[in-house]
Amino acid sequence: MSLGAMDLFQNVPPEVSVYEVSPRDGLQNEPIIVPLAGKVQLIEALAQAGLKRIEATSFVSPKWVPQLADAGEVIAALPKIEGVTFSALVPNARGLERALEVGLPEIAVFLSASETHNKMNVNKTIDATLDVFREIVPPAIEAGVRVRAYVSTVWGCPYEGDIPVAKSVRIAKRLVELGCYQVSLGDTIGVGTPKKTFEIVGAVLSEMQRDQIALHFHDTRGTALANAVIGLELGIRTFDASVGGLGGCPYAPGASGNLATEDLVYMLHGMGVTTGIDLDKLLYAGQVASQVVARPLSGKVHQAGTFKLRKV
Ligand code: HMG
Ligand code: MG
């Protein structure tokens, strides 16, 4: 039997939307609080690189995530950039109020498929969190704000281990019923493997439309890109990523390292998938990210650069 590349990658979409999370998922996890100017510099560099969807900050409690206490100031300081949508995490009515005050066009609500992680992250049960979303998602939509959602720890929880796939599917469907336009499924602690990804995404796709789903991988154990390939092969068209591999969840030990945007984009372009992103400018944004957090970052392409011939 001879297999051609067409057989192997026949379902991969021609175009992918990359949803950038570094200013939020990255900076929320840093030991230092990045000054407002550094945050704005990073976000502008990401937009310059061609990222069209950028999660800029979080309207969560500053007591819980002091790194992003200046959320309102960050949004107010950002220039309007044609074609670029900024978003932010919102956990409750107070968060929505703050997001509306600064005219944010999109928000993201979030909860965990693990009861224990959800309690650690937002101090509520899953059901109580969904009750809160019932109070904030419809008014947000009525106010003209698009609402995205996250379900985290879908691939596994640091406290509960494996989470039944049916539970994540049930939660994701409820979020869509509430009006969320897309649900991002998170491998928050980076334990996923391609086989598990095939099972999870396959199960979700049997109940939801593929454009209602985004995938959010962490590269903690080096499997993020392999998982992304499975998502692509299953026809998923939105992937979350974080420049340089910045980030993690402060309430999920071991959640270091989101899938690096440069690694994802390098792979996608190499597979002939377009993203609208300029990889060289993205590498520059990664350097800005490293500067503002004052440490080296783990992303592979961030470290190695693109594939260019060198003079001997
Ligand atoms: P709580 O302590 O149960 O709630 O926190 P509370 O209502 O008692 O609020 C505590 C204090 O915070 C009060 O202030 C509130 O006013 C204030 P005090 O009266 O003590 O002075 N407060 C707020 N202030 C500003 N904005 C708000 C807000 N809400 C309350 N929105 C709460 C409950 C949900 C607020 C808290 O647990 C929280 O903020 N949690 C967020 C934690 C977080 O951001 N974690 C990281 C998210 S990353 C993630 O989940 C995974 C993801 O990245 C995907 C993946 O990687 O897989 C999405
Ligand atoms: Mg993440």
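Fair warning: this is a prediction, and the values are worked out from it, not measured in the lab.

S.K.: Help me out: how do you make sense of unusual backbone geometry in this one?
M.R.: Trans is the common state for peptide bonds, and a negative phi is the common state for residues other than glycine. In this structure, Asn123 takes a positive phi of about 60° despite not being glycine. Structurally, Asn123 can be placed in the loop between helix 6 (115–122) and helix 7 (126–142). Positive phi, normally seen in glycine, also occurs at Ala294, with a value near 55°. Examined against the element boundaries, Ala294 turns out to sit in the loop between helix 12 (279–293) and helix 13 (300–304).

S.K.: Explain the side chain of Arg53 here, please?
M.R.: Within the secondary structure layout, Arg53 lies in strand 2 (residues 53–58). As a buried residue without a salt bridge, Arg53 has its nearest oppositely charged side chain in Glu106, at a separation of 4.9 Å. At 3.5 Å, the side chain of Arg53 and the side chain of Thr238 are in polar contact. If sequence neighbours within four positions are ignored, Arg53 has contacts with Ser17, Val18, Tyr19, Glu20, Thr85, Arg148, Tyr181, Gln182 and Thr238.

S.K.: Could you clarify how one ought to interpret helix 11 (residues 261–270) in this entry?
M.R.: Residue pairs three or four apart in sequence face the same way in an α-helix, which turns once every 3.6 residues. Counting buried positions over the 10 residues of helix 11 gives 7, a clear majority of the element. Taken as a whole, helix 11 has its buried residues at Thr261, Glu262, Asp263, Leu264, Val265, Met267 and Leu268. One or two residues past the end of helix 11 sits Gly272, with phi positive at roughly 80°.

S.K.: I tried to follow the packing of helix 11 against helix 12 on my own but got confused; where do I start?
M.R.: Helices that pack against each other are described as a pair by the angle of their axes relative to one another and the distance between those axes. The interhelical angle for the contact between helix 11 and helix 12, taken along N-to-C directions, is 170°, at an axis separation of 10 Å. By the angle class used here, helix 11 and helix 12 are roughly antiparallel. Handedness of the helix 11/helix 12 crossing: left-handed. Where helix 11 abuts helix 12, its residues Thr261, Glu262, Val265 and Tyr266 lie against Leu279, Leu282, Leu283 and Gly286. Its residues assigned to classes, the contact of helix 11 with helix 12 comprises 5 nonpolar, 2 polar and 1 charged.

S.K.: Looking at this structure, how should I read the site of ligand 1?
M.R.: Lining the immediate surroundings of ligand 1 are 29 residues, of which Lys63, Asn92, Asn121, Asn123 and Thr188 lie closest. Between ligand 1 and Arg98 there is a distance of 2.9 Å, counted from a nitrogen atom to a side-chain nitrogen or oxygen. For ligand 1, whose unbound accessible area comes to 1,100 Å², protein coverage reaches 75%. The set of elements that each furnish at least two residues to the shell around ligand 1 consists of helix 2 (22–26), helix 5 (93–101), helix 6 and strand 5 (146–152). Residue classes in the shell around ligand 1 are distributed as 13 nonpolar, 11 polar and 5 charged.

The rules we used
Residues numbered from 1 in each chain as written. Chains lettered and ligands numbered in written order. Predicted model: local features only at pLDDT ≥ 70, side-chain atom pairs only at ≥ 80, totals over all residues. Heavy atoms only, no water. Helix = DSSP H or I, 4+ residues; strand = E, 2+ residues; numbered from the N terminus. Buried < 20%, exposed > 50% of the residue type's maximum accessible area, 1.4 Å probe, protein only. Lys, Arg positive; Asp, Glu negative; His and termini not counted. Salt bridge = Lys/Arg side-chain N within 4 Å of Asp/Glu carboxyl O. Polar contact = N/O pair within 3.5 Å; in protein donor to acceptor, adjacent residues only side chain to side chain. Contact = heavy atoms within 4.5 Å. Axes fitted to C-alpha atoms, helices over the stretch in contact; angles between N-to-C directions. Parallel < 35°, antiparallel > 145°, perpendicular 65-115°, else oblique. Left-handed = near helix turned anticlockwise from the far one by under 90°. Nonpolar A, V, L, I, M, F, W, Y, C, P; charged D, E, K, R; others polar. Near = heavy atom within 4 Å. Areas by Shrake-Rupley, 256 points an atom, 1.4 Å probe, with all protein chains shown as cover.

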